[in-house]
Amino acid sequence: MSKIKKEKIFAKGFDIEVYTEDFKNDYISLTDIAKYKNKEEPNAVVSNWMRNYNTIEYLGIWEQLNNPDFNPLEFEGYLKDAGSNAFTLSPQKWQKTTNAVGLFVKLGRYGGTYAHKDIAFKFASWISAEFELYIIKDYQKLKEDENSKLSLTWNLHREKYQRLIIRFIQMPLKSIY
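Since we're looking at a predicted model, the values are computed, not measured. (Residues numbered from 1 in each chain as written. Predicted model: local features only at pLDDT ≥ 70, side-chain atom pairs only at ≥ 80, totals over all residues. Heavy atoms only, no water.)

1. Description of the overall build of the protein
Phase 1: Across its full length, the protein holds eight helices and five strands.
Phase 2: In the protein, which comprises 177 residues, the share counted as buried stands at 37%.
Phase 3: As presented, the protein carries roughly 11,300 Å² of accessible surface, and 54% of it is formed by carbon and sulfur atoms. (Helix = DSSP H or I, 4+ residues; strand = E, 2+ residues; numbered from the N terminus. Buried < 20%, exposed > 50% of the residue type's maximum accessible area, 1.4 Å probe, protein only. Areas by Shrake-Rupley, 256 points an atom, 1.4 Å probe, with all protein chains shown as cover.)

2. Points about the nonpolar core
Generally speaking, nonpolar side chains in soluble globular proteins are found buried as a group.
Phase 1: If you look at the biggest cluster of nonpolar residues, it comprises 37 residues, and the most contacted ones within it are L30, I33, I56, W94, F123 and I135.
Phase 2: The element that contributes the greatest number of residues to this core is helix 6 (residues 117–127), accounting for six residues.
Phase 3: Leaving out residues up to four positions away in the same chain, I33 has contacts with I16, I28, A120, F123, A124, I127, F131 and I135. (Core = buried A, V, L, I, M, F, W, Y, C linked by side-chain atoms within 4.5 Å. Contact = heavy atoms within 4.5 Å.)

3. A look at the pairing of strand 2 (residues 14–21)
Phase 1: Counted residue by residue, strand 2 has seven buried out of eight residues, so it is predominantly covered.
Phase 2: Taken together, the four bridges between strand 2 and strand 3 (residues 25–29) define a ladder with antiparallel strand orientation. By the bridge assignment, T20 is partnered in strand 3 with D26. (Pairing = 2+ DSSP bridges.)

4. A few points about the side chain of K143
Phase 1: Assignment of secondary structure puts K143 in helix 7 (residues 129–170).
Phase 2: If sequence neighbours within four positions are ignored, K143 has contacts with E7, T20 and D26.

5. Section: the pairing of strand 3
Phase 1: Burial analysis of strand 3 places four of its five residues in the buried class, the great majority of the element.
Phase 2: In terms of strand pairing, strand 3 meets strand 5 (residues 112–116) through three bridges, oriented antiparallel. Counterpart to S29 in the pairing with strand 5 is Y114.

6. Focus: the packing of helix 3 (residues 53–66) against helix 4 (residues 72–81)
Phase 1: Where helix 3 contacts helix 4, the two axes come as close as 9 Å, and the packing angle between them is 165 degrees. Classified by the interaxial angle, the pair formed by helix 3 and helix 4 is roughly antiparallel. Of the two possible hands of crossing, helix 3 and helix 4 adopt the one that is left-handed. Residue-level inspection shows Y53, I56, E57, G60, I61 and Q64 of helix 3 in contact with helix 4, the latter providing P72, F75, Y78 and L79. (Axes fitted to C-alpha atoms, helices over the stretch in contact; angles between N-to-C directions. Parallel < 35°, antiparallel > 145°, perpendicular 65-115°, else oblique. Left-handed = near helix turned anticlockwise from the far one by under 90°.)

7. Comments concerning helix 2 (residues 42–50)
Because an α-helix completes one turn every 3.6 residues, residues spaced three or four positions apart along the sequence face the same direction.
Phase 1: The complete set of buried residues in helix 2 reads P42, V45, V46, W49 and M50. Buried residues in helix 2, looked at end-on, bunch into an arc of 135 degrees, giving them a common side.
Phase 2: Where helix 2 is buried, its residues meet helix 1 (30–34), helix 3, helix 5 (91–98), strand 4 (103–106), strand 5 and helix 6. (Arc of directions from axis to C-beta.)

8. Quick look at the packing of aromatic side chains
Phase 1: In this structure the tally under the stated criterion is 13 aromatic pairs.
Phase 2: When the ring of Y19 is compared with that of Y114, the centres are 5.0 Å apart and the planes differ by 80 degrees; the resulting orientation is edge-to-face. Of this pair, Y19 sits in strand 2 while Y114 sits in strand 5; the two residues are 95 residues apart in sequence, bridging distant segments of the chain. Of the two residues, Y19 and Y114, neither departs from the other in class, the shared state being buried.
Phase 3: Taking 3.9 Å as the distance between ring centres and 5 degrees as the angle between the ring planes, the aromatic pair formed by Y36 and F131 counts as stacked. Placement of the pair is Y36 in the loop between helix 1 and helix 2 and F131 in helix 7, with a sequence separation of 95 residues.
Phase 4: Taken together, the aromatic side chains of Y19, Y27, F104 and Y114 make up a single cluster linked through ring pairs. (Phe/Tyr/Trp six-rings, centres within 6.5 Å; stacked < 30°, edge-to-face > 60°.)

Here it is in structure tokens:
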């Protein structure tokens, strides 16, 4: 990822990290969302979600729509096995074997599993419909605040350039040549 911006949203007392890539792709921490369900072992919550047939189906369709380099053959194999008692799939393995871009794992002290906002909202709905709505509301507020700041910056630049253009237009012709 390039030009990464790190922010937080707050839903029902939980801090949830949001990474923005190039001001267009937002990745939200599934690990932080999972703490709503299990504070001690949020990775177990993510792992359980990854075992679900509907999850694998959703991830595969999302990747097919958004990722031209996605490996659909690996996806088909996972989809066939998903939901069975013996099926397990980590986010790292999903990303590596299918060439997925919708999920990534950040290793280290402040690491965790992150997902594109579409996928993160789906994960949140699996945990709790109420919690999902709180996340969506706070995410929308974050984006509105960002847009407001960008709009203010744009207006300041626009006014500056308008003043320069007006000065240029008002200059006598002989001072230009």
